[in-house]
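Descriptive analysis of the structure
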Amino acid sequence: MMEQTMGKRLILLGAPGSGKGTWSKIISDGKGLPHIATGDLFRAELAAETPLGRKVKSFMDHGALVPDELTILLVEKALSDERAANGFVLDGFPRTIPQAEALTEFLEKCGQTIDMVINLIVDESGLIERTLSRLVCIKCGQPYNTMNMMPAVEGTCDYCGGDVVQRSDDTEETLRKRLEAYHASTAPLIDYYKERDLLVAFINDRPPNEEMRSRLFSMIDGVKGEA
Ligand SMILES: [Zn+2]
């Protein structure tokens, strides 16, 4: 079942609600690459009550964005784990140019590079529909949605049995704000990776299906990873 992919280091970019979590998980499962999502990293540090976790919490408690330095530290920690030694799928990072530059520097120090940056393209009405339909496991972060990816038992995670709920910030108003923030800070990343010849576009215009999965996997297999 699992296809072997050596040394693929992938980043998924896309506006909020573009399907980054869903597609990261599909790639992670299909290619045997760890899925590194900043949301999960924050949750794990909070749960473990590490000094980093306490710092993250102090920002989140005040409704502030976790600053780049902290986010970078957490991602570098995850990338240093031996599970990420042969590749990974980064989801939700980098979000800003300083984060991208820190990532490039960190990987250079490890003698590694990013192999491909996948830019998920969706139209805005699709985005709103997708965002309002999405659900998440509050325990493990597994994404679901009411359109085509419901858990087998309604409200219960297939993987960990946690509660599957709609995120309280998944409203049309917060989505509009998130889109503005995305365009201000994350969209320049598209140029950053385009200049480095790493960017590929993936039109995510339908619910995930086998044809889209094969198309994406062919793109990923087409890049030369390190053995
Ligand atoms: Zn779960």
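One can find the structure itself at the top, above this paragraph.
Cut-offs and rules
Residues numbered from 1 in each chain as written. Predicted model: local features only at pLDDT ≥ 70, side-chain atom pairs only at ≥ 80, totals over all residues. Axes fitted to C-alpha atoms, helices over the stretch in contact; angles between N-to-C directions. Helix = DSSP H or I, 4+ residues; strand = E, 2+ residues; numbered from the N terminus. Parallel < 35°, antiparallel > 145°, perpendicular 65-115°, else oblique. Left-handed = near helix turned anticlockwise from the far one by under 90°. Contact = placed C-beta atoms within 7 Å. Nonpolar A, V, L, I, M, F, W, Y, C, P; charged D, E, K, R; others polar. Buried ≥ 20, exposed ≤ 12 C-beta atoms within 10 Å, placed from the backbone. Core = buried A, V, L, I, M, F, W, Y, C linked by C-beta atoms within 7 Å. Pairing = 2+ DSSP bridges.

What follows concerns the packing of helix H2 (residues 38–48) against helix H3 (residues 51–61). Packing of H2 against H3 leaves a shortest axis separation of 7 Å and a crossing angle of 115 degrees. Taken together, the axes of H2 and H3 are roughly perpendicular relative to one another. Considering the relative orientation of H2 and H3, their crossing is left-handed. For the pair formed by H2 and H3, the contact residues are Phe42, Glu45, Leu46 and Ala48 on the first element and Leu52, Gly53, Val56 and Lys57 on the second. For the contact of H2 with H3, the class distribution of residues is five nonpolar, one polar and two charged.

The next point concerns unusual backbone geometry. In this model, Phe93 is joined to Pro94 through a cis peptide bond whose omega is -5 degrees. Its place among the elements puts Pro94 in the loop between strand E3 (87–91) and helix H5 (97–109). Positive phi values are uncommon outside glycine, yet Glu49 reaches one of about 50 degrees. Tracing the backbone through its elements, the reader meets Glu49 in the loop between H2 and H3. Given 10 C-beta atoms within 10 Å, Glu49 falls into the exposed group. In this model, Asp197 sits at a positive phi of 60 degrees, which is unusual for a non-glycine residue. Residue placement: Asp197 occurs in the loop between helix H8 (187–195) and strand E8 (199–203). Owing to 7 C-beta atoms within 10 Å, Asp197 belongs among the exposed residues under this scheme.

Moving on: the nonpolar core. The biggest cluster of nonpolar side chains holds 32 residues, and the ones touching the most others in it are Leu10, Leu12, Val75, Val89 and Leu90. The dominant element in this core, judged by the number of residues it contributes, is helix H4 (residues 68–80), at five residues. Those residues in contact with Leu90 that sit more than four places away from it in its chain are Leu10, Ile11, Leu12 and Ile36. Core analysis: the next-biggest nonpolar cluster, separate from the first, contains six residues, Val136, Cys137, Tyr144 and Cys157 among them.

Strand order across the open sheet formed by five strands is E2-E3-E1-E4-E8, with parallel pairing between neighbours. Either end of the sheet is taken by a strand with one partner, and the two such strands are strand E2 (35–37) and E8. Between one strand axis and the next, the sheet turns through 25 degrees on average, direction left out of account. Sheet topology places strand E1 (residues 8–13) next to strand E4 (residues 116–121); four bridges connect them, and they run parallel. Following the sheet pairing, Leu13 is matched in E4 by Asn119.

Turning our attention to the sheet that holds strand E7 (residues 164–165). Pairing is antiparallel across the open sheet formed by three strands, whose spatial order is E6-E5-E7. The strands lining the two open edges of the sheet, one partner per strand, are strand E6 (143–145) and E7. Examined bridge by bridge, strand E5 (residues 134–137) and E6 share three bridges and lie antiparallel to one another. Each residue of the ladder has a partner; that of Leu135, found in E6, is Tyr144.

Purely spatial values, then, with no claim about function.
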